[in-house]
Number of protein chains: 2
Amino acid sequence: MSQQVSRKKNYVEVCFTPEDYSYFKGRFDIVVVIDVLRATSAICSAINNGLKSVIPVSTVEEALEYKAKGYLVGAERQGEIVEGFDIGNSPYSYMDPELIGKEVALTTTNGTRAINIASEAETVIIGSLINLQAVVDWLESQGKDVLCLCSGWKDKFNLEDTICGGAIADALINTGKFTSDEDSSVAAKYLFQSARGNYMGYLKSSSHRRRLKKLNLNKDIKYCLTPNQMDVIPILIDGKIVKMEA
Amino acid sequence: MSQQVSRKKNYVEVCFTPEDYSYFKGRFDIVVVIDVLRATSAICSAINNGLKSVIPVSTVEEALEYKAKGYLVGAERQGEIVEGFDIGNSPYSYMDPELIGKEVALTTTNGTRAINIASEAETVIIGSLINLQAVVDWLESQGKDVLCLCSGWKDKFNLEDTICGGAIADALINTGKFTSDEDSSVAAKYLFQSARGNYMGYLKSSSHRRRLKKLNLNKDIKYCLTPNQMDVIPILIDGKIVKMEA
């Protein structure tokens, strides 16, 4: 029999909303901010396209200041582009080759707020279904305690972010190096396990999918719910989200 | 073909914690307060045993005042009986035939607080797995909007209350007379559907079950997770929980 080296497991937990973050704050080395529909999917797409950085700003007022300084600025509220801005948080807006090397400021209803709330943590990375496996692999290699912070919808629980958090927790726990302690993490894992392989169907009754469907954003939804399209991991450094260097 | 009478559906939603209640407050005619492990299971057992009323109090200080007045008083914190009190929130404490016709004051970590938070609603009833079907049947007959308020654990999500809320939502939606709109309700329904028939196994990794197991409360857990043991529906009237008259 081979000798077992006993090693303390790291924690991976899922926090449902920015509002709940106060119960988790300070206990985790790495926070993964998740806003599947659509902020963190847009940010991953932007960084994957070669943008130099995305600057997350919480308010429309701050976004206007960046606009005045000549930045390209994305602004979304209630799923729609805010009046006076050219783009919102559709991932497709950030795939234009003309944007390569540029910096963009972004404010969204939930996602950028969650990023700014998490910014007190040692390390903040950006997760979504489209870069799921890359995030899992990197987290596995770190040996740190991880919190998946779901952006929710206006401080309420949402299903798609929870499933993405559950997917990360499930994969990390399956490595044998992680454990979880909170019922929110157990529930997220269970929800991911039943949704696996059929995100579109599973989310058909979710409130946000209905909201975006009304806005004719089905193409965005399908893109955001298709896992593992890229290996990029965006990371927050000095207030700007940039590409994590390998 | 028979003529269809079109009728607006009622809402049934699930709120995960007392902390989240502010997002739901005021929109529902009936609130079902749920604290499966163990406050609402204890209250159902007490009313089923023939106690005249259970008076929910939020603080240990208030409970001491009732004790000074000669009331029988139950007080639980962290799963244990508070020092200076004779009973806590074990359902078995409320099954003594000597208690028939008596009034008891009760304070618990989560459940009685949730009851008092919900008390501004038109109608507040007490639900648990042990009286699940009775609650569902009565709610179906009312034609009102229903909120299932989970007590959680110190304002954090818990799995057992959510599954009980999901069971109520699932059953009401299946009658065709109810619908739900919130992702928390969709998730609760999904979690109930995967837990159905195996609550003990499903909850084995839940934080509260582990907490109670450490306290040697496995007998309580098994009792609280066995559905449909009684038809009684406790209802809050003028600050006291009494038996709903048929």
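A. Region of the structure containing the interface of chain A and chain B. Across the contact, 26 residues belong to chain A and 26 residues belong to chain B. Across the pair K156 of chain B and E182 of chain A runs a salt bridge whose closest N-O atoms are separated by 2.9 Å. The element contributing the most residues to the side of chain A that touches chain B is helix α6 (residues 183-195) of chain A, with seven residues. Of the residues contributing to the side of chain A that touches chain B, the split by class is nine nonpolar, eight polar and nine charged.

B. Structural view of unusual backbone geometry. L37 of chain A connects to R38 of chain A through a cis peptide bond whose omega is 10°. Phi at D155 of chain B is positive, roughly 70°, even though this residue is not glycine. Mapped onto the elements of the fold, D155 of chain B is located in the loop between β8 (146-150) and α5 (159-174). D155 of chain B sits in the buried class, given a relative accessible area of 12%.

C. Focus on helix α3 (residues 111-118) of chain B. Taken together, the buried positions of α3 of chain B are occupied by G111, T112, A114, I115 and A118 of chain B. The arc that holds every buried residue of α3 of chain B, seen down its axis, measures 155°, which confines them to one face.

D. Spatial organisation of α5 of chain B. Residue and element names in this part refer to chain B. Over its 16 residues, α5 runs 22 Å from end to end, which matches the ideal 22 Å to within 8%, given 1.5 Å per residue. Counting buried positions along α5 gives 13 out of 16 residues, so the element sits mostly inside the fold. With its phi angle positive at about 85°, G176 sits one or two positions after the end of α5.

E. Molecular detail of the relation of the copies chain A and chain B. Each copy of the sequence occupies a distinct position, and chain A is placed on chain B by a rotation of 180° and an axial shift of 0.0 Å, giving an RMSD of 0.0 Å. Such a turn and shift between the copies fits a two-fold axis. Relative to the rotation axis, the closest C-alpha in chain A is found at L191 of chain A, a distance of 3.4 Å. Interface overlap between copies is the fraction of interface residues in one copy that are interface residues in the other; for chain A against chain B it reaches 100%, indicating a shared surface.

F. Local environment of the pairing of strand β4 (residues 72-77) of chain A. All names here are of chain A. Bridging between β4 and strand β6 (residues 103-107) involves four bridges; their strand directions are parallel. Bridge assignment links G74 to a residue of β6, and that residue is L106. As paired elements, β4 and strand β5 (residues 80-81) share two bridges and run antiparallel to each other. Residue pairing across strands places E76 opposite I81, the latter belonging to β5. Linking β4 back to β5 in an antiparallel pair, the connection comprises two residues, with Q78 at a positive phi of about 55°.

G. Focus on the packing of α6 of chain A against helix α6 (residues 183-195) of chain B. Their axes nearest at 10 Å, the elements α6 of chain A and α6 of chain B cross at an angle of 80°. Taken together, the axes of α6 of chain A and α6 of chain B are roughly perpendicular relative to one another. On the side of α6 of chain A, the interface is formed by A187, Y190, L191 and S194 of chain A, while α6 of chain B contributes A187, Y190, L191 and S194 of chain B. Looking at the contact of α6 of chain A with α6 of chain B, its residues break down into six nonpolar, two polar and no charged.

H. Focus on the packing of aromatic side chains. Scanning the entire structure with this criterion turns up 13 aromatic pairs over all chains. Centroid distance Y92 of chain A to Y223 of chain A: 5.3 Å. Interplanar angle 50°. Geometry classified as tilted. Of this pair, Y92 of chain A sits in the loop between β5 and β6 while Y223 of chain A sits in helix α9 (residues 218-224), and the two are 131 residues apart along the sequence. Accessibility expressed as a relative area gives 11% for Y223 of chain A, which makes it buried. Three or more aromatic residues joined by ring pairs make a cluster, and in this case those are F16 and F157 of chain A together with F16 and F157 of chain B. Across from the ring centre of Y66 of chain A, 4.8 Å away, lies the NZ or CZ of K69 of chain A, which sits over that ring. The cationic tip of K67 of chain B hangs over the ring face of F85 of chain B; the distance from NZ or CZ to the ring centre is 5.7 Å.

Basis of the calculations
- Residues numbered from 1 in each chain as written.
- Chains lettered and ligands numbered in written order.
- Predicted model: local features only at pLDDT ≥ 70, side-chain atom pairs only at ≥ 80, totals over all residues.
- Heavy atoms only, no water.
- Contact = heavy atoms within 4.5 Å.
- Salt bridge = Lys/Arg side-chain N within 4 Å of Asp/Glu carboxyl O.
- Helix = DSSP H or I, 4+ residues; strand = E, 2+ residues; numbered from the N terminus.
- Nonpolar A, V, L, I, M, F, W, Y, C, P; charged D, E, K, R; others polar.
- Buried < 20%, exposed > 50% of the residue type's maximum accessible area, 1.4 Å probe, protein only.
- Arc of directions from axis to C-beta.
- Expected span 1.5 Å × (residues − 1).
- Least-squares fit on C-alpha atoms with pLDDT ≥ 70 in both.
- Pairing = 2+ DSSP bridges.
- Axes fitted to C-alpha atoms, helices over the stretch in contact; angles between N-to-C directions.
- Parallel < 35°, antiparallel > 145°, perpendicular 65-115°, else oblique.
- Phe/Tyr/Trp six-rings, centres within 6.5 Å; stacked < 30°, edge-to-face > 60°.
- Lys NZ or Arg CZ within 6 Å of the ring centre and 35° of its normal.

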